[in-house]
Amino acid sequence: METQTRPRLSRRDLLKSFGAAAVVVSSGVLVHPGEGWAVEATALKPETMRTLVKMARDVYPHDQVPDRFYAVAMKSFDTQAASDAAFKAMVEDGVVALDTLANAKQGVAYVDVGWEADRVALLREIEDGTFFQKVRGNLVTGLYNNEEVWPIFGYEGESAGKGGYIDRGFDDIAWL
């Protein structure tokens, strides 16, 4: 009689697998141990920031862009909420409404919906609202104006100060 052996998983491997996917919310800080970044939330709830980061990735999904860039882009919401009570209420209420919708459709909060397609379906239901449009609009500049993200997309930055695209850059994109 053959005995089946279970593949061994060390404690270190187990912790690494959880750490890579986990975002920890505590004491006003959003921490991603797997990627080694943290964002402090001073005006918004850390859970709100966590939802904003997940939402940002779902609105503009780029598998090659780490979550920290989405967190940096959404940090401006926390900064604005600190000085604008109406903005803070709009963001907090928007997240509550999104979580309520997710609970009604999926039985869990938005960040706990497992499939991206299911989260995107939820976002389609709110895409005409002010909250969604603010998040989407903020990401256009908050994510894509971040010079640290440009190399990931193969963008070398402005060219006018370097002689223009005629002599450099217009035909050197390797990924097209």
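In this text, all values refer to a predicted model and were calculated from it rather than measured experimentally.

What counts and how
Residues numbered from 1 in each chain as written. Predicted model: local features only at pLDDT ≥ 70, side-chain atom pairs only at ≥ 80, totals over all residues. Heavy atoms only, no water. Helix = DSSP H or I, 4+ residues; strand = E, 2+ residues; numbered from the N terminus. Buried < 20%, exposed > 50% of the residue type's maximum accessible area, 1.4 Å probe, protein only. Contact = heavy atoms within 4.5 Å. Areas by Shrake-Rupley, 256 points an atom, 1.4 Å probe, with all protein chains shown as cover. pLDDT = per-residue confidence, 0-100. Lys, Arg positive; Asp, Glu negative; His and termini not counted. Salt bridge = Lys/Arg side-chain N within 4 Å of Asp/Glu carboxyl O. Axes fitted to C-alpha atoms, helices over the stretch in contact; angles between N-to-C directions. Parallel < 35°, antiparallel > 145°, perpendicular 65-115°, else oblique. Left-handed = near helix turned anticlockwise from the far one by under 90°.

Caption draft 1: View of the overall build of the protein. The helix and strand tally for the protein stands at seven helices and three strands. Written out in order from the N terminus, the α and β elements of the protein read α-β-β-β-α-α-α-α-α-α. For the protein, with 176 residues in total, the buried portion stands at 35%. Within the protein, residue pairs in contact and separated by at least 24 positions form 54% of the contacts whose partners lie at least 6 positions apart. For the protein, the computed accessible surface area is about 11100 Å², with 54% contributed by carbon and sulfur atoms.

Caption draft 2: Representation of the confidence of the model for the protein. Mean pLDDT over the protein: 82, with 72% of residues reaching 70 or higher. Counting interchain partners and residues more than four positions distant, the pLDDT-below-50 stretch residues 14-22 has nine contacts.

Caption draft 3: Inspection of the side chain of Asp99 at higher detail. Examined against the element boundaries, Asp99 turns out to sit in helix α4 (residues 85-106). Buried charged residue Asp99 carries no salt bridge. Nearest counter-charge: Lys45, at 8.8 Å. Beyond its immediate chain neighbours, meaning those up to four positions away, Asp99 contacts Thr51, Val108, Ala109 and Tyr110.

Caption draft 4: Representation of the packing of α4 against helix α5 (residues 116-126) within the structure. Where α4 contacts α5, the two axes come as close as 10 Å, and the packing angle between them is 125°. Here α5 runs oblique to α4, going by the angle between their axes. Between α4 and α5 lies a crossing whose hand is right-handed. Contact residues: α4 offers Leu98, Leu101, Ala102, Lys105 and Gln106, while α5 offers Asp118, Leu122, Leu123, Glu125 and Ile126.

Caption draft 5: Focus on the pattern of salt bridges. Per the counting criterion, the structure on display carries five salt bridges. Among the salt bridges present, the one from Arg119 reaches Asp58, with a minimum N-O distance of 2.6 Å. In this pair, Arg119 sits in helix α5 while Asp58 sits in helix α2 (residues 46-59), placing the two residues 61 residues apart along the sequence. This pair shows no difference in class: Arg119 is buried, exactly as Asp58 is. Of the charged contacts in the structure, one is a salt bridge between Asp78 and Lys75, with a shortest N-O distance of 2.9 Å. Of this pair, Asp78 and Lys75 both sit in helix α3 (residues 67-83), three residues apart, which is roughly one turn of the helix. Lys75 sits in the partly exposed class, given a relative accessible area of 25%.

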